[in-house]
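Per-entry structural report
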Number of protein chains: 2
Amino acid sequence: MNKGLLLVLSGPSGVGKGTVCSALRKCAPELVYSVSATTRSPRAGELDGVNYFFKSREQFQDMIQNDQLLEYAEYVGNYYGTPRDFVQKTLDQGLDIILEIEVQGALKVKEKFPQGVFVFLMPPSLQELQQRIVGRGTESEETIRHRMNAAREEINLMQHYDYAVVNDRIESACSRIQAIITAEHCKRERVMTELLEGVQL
Amino acid sequence: MNKGLLLVLSGPSGVGKGTVCSALRKCAPELVYSVSATTRSPRAGELDGVNYFFKSREQFQDMIQNDQLLEYAEYVGNYYGTPRDFVQKTLDQGLDIILEIEVQGALKVKEKFPQGVFVFLMPPSLQELQQRIVGRGTESEETIRHRMNAAREEINLMQHYDYAVVNDRIESACSRIQAIITAEHCKRERVMTELLEGVQL
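Residues numbered from 1 in each chain as written. Chains lettered and ligands numbered in written order. Predicted model: local features only at pLDDT ≥ 70, side-chain atom pairs only at ≥ 80, totals over all residues. Heavy atoms only, no water.

Per an unreviewed UniProt entry, chain A carries the name Guanylate kinase and comes from Paenibacillus gansuensis. As its UniProt record puts it under Catalytic activity (unreviewed entry), chain A is described as follows: "GMP + ATP = GDP + ADP". Recorded under Subcellular location (unreviewed entry), the UniProt text for chain A is reproduced unchanged: "Cytoplasm". (UniProt positions renumbered as here; feature names shortened; annotations may be inferred.)

Written out as structure tokens, the structure is:
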């Protein structure tokens, strides 16, 4: 059986991670989506194990203690985190799993799960930056400097990732992410490991 | 402008490299196919620069001397080789180029052009090997040993490649190769290099 892979989809806030993930759910229904654990109360219609794993504060702190989270953070008095167990069980079933997460969380996941595939969703503005900067020079130096600072920060974040996908059109971003998953399954090390599993050559 | 990439498609003889390449020409018409140089005479209907670059023995030896070939070999008294110039000009235009070649040639190309993407086309028999070996044991030890020897040789070759694509169905192999090309264009190093080209951040 092919083992699944964990694809971590991240990127700067506002880049459209959630929108791309929703689109992926439609065009790639074979993918599993990571379910977070949280200590906040369920809202109307939210189901345990579907929208979130709802935990008490004590339960969540036990999970932290026992290294059962790939990452966690506290927002507005509530804990949110990624249960390692759900990810691992999905991979063991041979299914691929997607985790959508902000940049700081992605870096923590990378520490605990370096074998994941880390995809940085990139604003098209960053790609257009070069053309604009080396372009006709109709913008003030101030504006250019401001943009270059913003770009420098985003590029600094990007360097921890395996792939960078421009979110120019949602469908293009989705098909690039699907191509990355297919290609990763064809990586020679992965194919060889699977071939040799349990075989003495 | 995005720079193109060189995809080297190789694998054991009989695996179907040519068939997959022909299918790719139809489903991926945007790809350029590497044209070999040869000292053999053109056959009826063959065009210089389309089927081959036809060269005299002297011209070919000059190309060898001047390091103008990514690899070459002599078969039945004629030289065959891959002109570096054609590959480089295609890449500089931002186009992707495919080189279909046997395993020894691919390894030589890798020495001269390590930035290529090296894809090993794998017979489905190799993938089925494990299931068969660990299967119900209805085959003789002799048969199993013979198959394992063959598999060992193929796996030894495979380790020099970046990807391994099973040629189970031609359409599947083609779409995996196309996914590899798309994913390689999204590799973070590549995207960052393109972003930073000519920009001082």
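Structure's up, so let's keep going.
1. Section: the sheet that holds strand β7 (residues 97-100) of chain B
All names here are of chain B. Strands sit in the order β2-β7-β1-β8-β9 across an open sheet of five strands; the sheet is parallel. Because the sheet does not close on itself, it has two edges, and the strands there are β2 (32-33) and β9 (163-166). Pairing of strand β1 (residues 6-10) with strand β8 (residues 117-122) involves four bridges; the strand directions are parallel. Considered in β8, the bridge of L9 is made with V119. (Pairing = 2+ DSSP bridges. Helix = DSSP H or I, 4+ residues; strand = E, 2+ residues; numbered from the N terminus.)

2. A short note on helix α3 (residues 84-92) of chain B
Residues and elements named next belong to chain B. Buried within α3 we find V87, T90 and L91. Buried residues along α3 cover an arc of 100 degrees about the axis, so they all sit on one side. Residues of α3 that are buried make contact with β1, β2, β5 (69-75), β6 (78-83) and β7. Directly after α3, the chain includes G94, whose backbone phi takes a positive value near 85 degrees. (Buried < 20%, exposed > 50% of the residue type's maximum accessible area, 1.4 Å probe, protein only. Arc of directions from axis to C-beta. Contact = heavy atoms within 4.5 Å.)

3. Considerations on the packing of aromatic side chains
On inspection of all chains with the given rule, the structure shows 16 aromatic pairs over all chains. Between Y75 of chain A and Y80 of chain A the ring centres are 5.7 Å apart and the planes differ by 55 degrees, which places this aromatic pair in the tilted class. Residue Y75 of chain A is classed as partly exposed on the basis of its relative accessible area, which comes to 40%. Through pairs of rings, three or more aromatic residues link up here, namely Y52, F54, Y75 and Y80 of chain A. Over the face of the ring belonging to Y33 of chain B we find R25 of chain B, whose NZ or CZ atom lies 4.2 Å from the ring centre. (Phe/Tyr/Trp six-rings, centres within 6.5 Å; stacked < 30°, edge-to-face > 60°. Lys NZ or Arg CZ within 6 Å of the ring centre and 35° of its normal.)

4. Points about the packing of helix α7 (residues 170-185) of chain A against helix α7 (residues 170-185) of chain B
Between α7 of chain A and α7 of chain B, whose axes approach to 8 Å, the crossing angle comes to 115 degrees. Accordingly, the angle class assigned to the pair α7 of chain A and α7 of chain B is roughly perpendicular. Handedness of the α7 of chain A/α7 of chain B crossing: left-handed. Together, R176, A179, I180, T182 and A183 of chain A of α7 of chain A and R176, A179, I180, T182 and A183 of chain B of α7 of chain B make up the contact between the two elements. When its residues are assigned to classes, the contact of α7 of chain A with α7 of chain B shows six nonpolar, two polar and two charged. (Axes fitted to C-alpha atoms, helices over the stretch in contact; angles between N-to-C directions. Parallel < 35°, antiparallel > 145°, perpendicular 65-115°, else oblique. Left-handed = near helix turned anticlockwise from the far one by under 90°. Nonpolar A, V, L, I, M, F, W, Y, C, P; charged D, E, K, R; others polar.)

5. Some words on the UniProt feature "binding site: ATP" (unreviewed entry) in chain A
Residue and element names in this part refer to chain A. Summarizing the sequence annotation, UniProt attributes the feature "binding site: ATP" (unreviewed entry) to G11, P12, S13, G14, V15, G16, K17 and G18 in the numbering used throughout. Summarising the element assignment, V15 is placed in the loop between β1 (6-10) and α1 (17-27). For V15, a relative accessible area of 9% puts it in the buried group. With sequence-adjacent residues up to four places away left out, V15 is seen in contact with L121, M122, P123 and N167. By the element assignment, G18 lies in helix α1. Residue G18 is classed as partly exposed on the basis of its relative accessible area of 31%.

6. A few points about helix α4 (residues 103-112) of chain A
Residue and element names in this part refer to chain A. All of the buried residues in α4 are V103, G105, A106 and V109. Relative to the axis of α4, the buried residues are bounded by an arc of 155 degrees and lie together on one face. Away from the buried face of α4 by more than 90 degrees, exposed residues Q104 and E111 are located. On its buried face, α4 is in contact with β1, β5 (69-75), β7 (97-100), β8 (117-122) and α6 (141-158). A side-chain oxygen of the first residue of α4 lies 3.3 Å from the backbone nitrogen of Q104; this N-cap is E102. (Polar contact = N/O pair within 3.5 Å; in protein donor to acceptor, adjacent residues only side chain to side chain.)

7. Some details on the pattern of salt bridges
Tallied over the entire structure, the rule returns 18 salt bridges over all chains. For R57 of chain A, the salt bridge is made with E74 of chain A, and the minimal N-O distance between the two is 2.8 Å. With R57 of chain A in helix α2 (residues 57-65) and E74 of chain A in strand β5, the pair connects residues that are 17 residues apart, well separated along the chain. For R57 of chain A, a relative accessible area of 33% corresponds to the partly exposed category. E74 of chain A sits in the partly exposed class, given a relative accessible area of 43%. E46 of chain B is the partner of R40 of chain B in a salt bridge, and the nearest nitrogen-oxygen pair spans 2.9 Å. For the residue pair R40 of chain B and E46 of chain B, the accessibility class agrees, reading buried in each case. Here the salt bridges do not stand alone but share partners, grouping D67, R84 and K112 of chain A into one network. (Salt bridge = Lys/Arg side-chain N within 4 Å of Asp/Glu carboxyl O.)

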